[in-house]
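A structural walkthrough
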Amino acid sequence: MADDTPEHPANAKLIASKQQWARDGRLLTGAAAPRAQRLPPGQREVRNWPVLDLGVQPQVPADRWELRIDGLVEHPTTWNWADFRRQPPFQDVSDIHCVTSWSRYDNHWEGVSARHILEVVRPLPEARHVIFHSYDGYTTNVALPVFDDADVLLAHGWEGEPITTDHGGPVRVIIPKFYFWKSAKWVNRIEFVAEDRPGFWEERGYHNEGDPWTEQRYS
Ligand SMILES: Nc1nc2c(c(=O)[nH]1)N[C@H]1C(S)=C(S)[C@@H](COP(=O)(O)O)O[C@H]1N2
Ligand SMILES: [Mo]
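First, a word on what this report is: a plain description of the structure on this page.

Thresholds, definitions, all that
Residues numbered from 1 in each chain as written. Chains lettered and ligands numbered in written order. Predicted model: local features only at pLDDT ≥ 70, side-chain atom pairs only at ≥ 80, totals over all residues. Heavy atoms only, no water. Phe/Tyr/Trp six-rings, centres within 6.5 Å; stacked < 30°, edge-to-face > 60°. Helix = DSSP H or I, 4+ residues; strand = E, 2+ residues; numbered from the N terminus. Buried < 20%, exposed > 50% of the residue type's maximum accessible area, 1.4 Å probe, protein only. Lys NZ or Arg CZ within 6 Å of the ring centre and 35° of its normal. 1 Å grid on protein atoms, 1.4 Å probe; cavity = no way out; pocket = protein on both sides within 12 Å on 5 of 7 lines; lining within 4 Å. Points joined across faces, edges and corners; volume = space filled by probe spheres on them.

**What to know about the packing of aromatic side chains**
The description of two aromatic rings rests on the distance between their centres and on the angle between their planes. Tallied over the entire structure, the rule returns 15 aromatic pairs. Consider the rings of Trp-49 and Trp-109, whose centres lie 5.7 Å apart with planes at 75 degrees: the pair is edge-to-face. In this pair, Trp-49 sits in the loop between strand E1 (44-45) and strand E2 (66-71) while Trp-109 sits in strand E5 (residues 102-113), placing the two residues 60 residues apart along the sequence. Each member of the pair, Trp-49 as well as Trp-109, is classed as buried. Relative to Phe-84, the ring of Trp-79 has its centre 6.3 Å away and its plane inclined at 55 degrees; by these criteria the two rings are tilted. On the accessibility criterion, Phe-84 (1% relative accessible area) is buried. An aromatic cluster is present here, built from Tyr-138, Tyr-179, Trp-181, Phe-200, Trp-201, Tyr-206 and Tyr-218 joined pairwise through their rings. Directly above the aromatic system of Tyr-206 lies the positively charged group of Lys-18, at a separation of 6.0 Å from the ring centroid. Across from the ring centre of Phe-200, 3.7 Å away, lies the NZ or CZ of Arg-204, which sits over that ring.

**As for empty space enclosed by the protein**
All told, the structure shown has two cavities of 30 Å³ or more when counted by the stated rule. In this structure, the largest cavity spans a volume of roughly 310 Å³. Put simply, the second largest cavity is a space of about 40 Å³. What lines the second largest cavity is simply Ser-94, Asp-95, Ile-96, His-97, Trp-109, Ile-174, Ile-175, Pro-176, Phe-178, Phe-180 and Ser-183. In terms of residues, the lining of the second largest cavity owes the most to one element, strand E4 (residues 90-97), which gives four residues.

Right under this line is the structure:
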């Protein structure tokens, strides 16, 4: 287990119970679903948008928010809010699939696309993985091709409104093809690395990848 990640007493119970889910293999149906099927196996559609985090919601006003994009890149970059909002706007509609079994369809996102970020910073050939770091100490990891996808973005808007603090505002990651724990809220650093490094839940029994259609819930 990581000791560089926060274990606040307020959420120790939640973290322990989600680790128990991983040990028990909760919700696993054992049946992969074709990607053409919209609802992945073991999921149910909800109309609301539940909040899930470590119990700490960092309050980062847009004018103090900063994003560092560094590691194995040609052009390490730091954006403040004004810099971020000067990037080409990107909009997309996608579904959310949370490993705790809820899915929410047709979320309208607005932000900056991952592909634009890749054009700006230009990862070096040695860069193979991406680590997201957040203001609450949360981390999560994906392989570079997962980040380098047409539907991945850093979102500041949802359904035409700024993303609220509880959902990761001012800026969060959206990676629609994977379970939602890969979509870091309150992101403040994107690090490109050669060697993979498991993040908060990946170190606590959750799958290193997280494809909902093949039920990559637990490791
Ligand atoms: N920074 C940060 N990002 C995070 C988390 C977190 O605790 N901290 N929780 C993850 C998990 S487990 C889920 S399911 C989604 C929940 O996002 P939501 O609260 O907007 O539904 O955020 C993910 N991103
Ligand atoms: Mo989650």
